[in-house]
Amino acid sequence: MDEMDRPKFKKCRGTGKVSFPNKLEAQWTMLKHKWSALIRNKIDGRRVKHRQGKQAQRRIYYCKVCKGYHLTKWTKQNFNNYTRYRDEERF
């Protein structure tokens, strides 16, 4: 895909992540990354090391700062654990 064909998304000022205007765009992007990594690994035929070439993004969440959607590799459980520890002031 050429650089000119690729859609331009803004960056979130709060997180620095790419901000998608709606959930559908974020889901579509996550799916494209997943399939492109899968196809690339099958075509190359080379040995793939642990986590190399695997899709990291697992979930989409809404950001109140930029009013957009972000991709994250954290599961809901990871996020709940983080917020619980943060609220208990362990950091």
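Now for a look at the structure at hand. On a predicted model such as this, the values are computed, not experimentally measured, just so you know.

**Here's the deal with a nonpolar patch on the surface**
Here is step 1: A contiguous nonpolar surface patch, about 340 Å² in accessible area, is contributed by Trp28, Leu31 and Trp35.
Here is step 2: Summarising the element assignment, Leu31 is placed in helix 1 (residues 23-44).

**Structural notes on the layout of surface pockets**
Here is step 1: The calculated volume of the second largest pocket comes to roughly 290 Å³.
Here is step 2: Along its surface, the second largest pocket is lined by 13 residues, and Arg59, Tyr61, Tyr62, Trp74 and Phe79 are the ones closest to its centre.
Here is step 3: Within the residue set of the lining of the second largest pocket, elements represented by two or more residues are strand 3 (59-63) and helix 2 (76-87).
Here is step 4: Class assignment of the residues belonging to the lining of the second largest pocket gives a composition of 6 nonpolar, 2 polar and 5 charged.

Parameters at a glance
Sequence order as written defines residue numbering, which begins from 1 separately in each chain. Residue-level local features of this predicted model are given only where pLDDT is at least 70; pairs of side-chain atoms are given and counted only at 80 or more, and the full residue set underlies all totals for whole chains, interfaces and linings. Hydrogens and water are ignored here; the side-chain numbers use all heavy atoms of the structure. Only residues whose relative accessible area exceeds 30% and that form no salt bridge are eligible for patches; like-charged ones are grouped when within 9 Å, while nonpolar side chains (Val, Leu, Ile, Met, Phe, Trp, Tyr) are grouped when within 5 Å. Note that accessible areas follow from Shrake-Rupley with a 1.4 Å probe, and for residues the cover is restricted to the protein chains shown. Should a side-chain nitrogen of Lys or Arg be within 4 Å of a carboxyl oxygen of Asp or Glu, the pair is scored as a salt bridge. Only DSSP runs of H or I with at least four residues qualify as helices, and only runs of E with at least two residues qualify as strands; both kinds are numbered from the N terminus onward. A pocket here means an open set of points on a 1 Å grid, computed over the protein atoms alone, that has protein on both sides within 12 Å along at least five of seven lines. A cavity is instead a set of points where a 1.4 Å probe fits but cannot get out; residues with an atom within 4 Å of a point line either one. Grid points are joined across faces, edges and corners, and a volume is the space filled by probe spheres set on the points. Only Asp, Glu, Lys and Arg are considered charged in this grouping, and only Ala, Val, Leu, Ile, Met, Phe, Trp, Tyr, Cys and Pro are considered nonpolar; every other residue, Gly among them, is considered polar.

These values are about where atoms sit, not about what they do.
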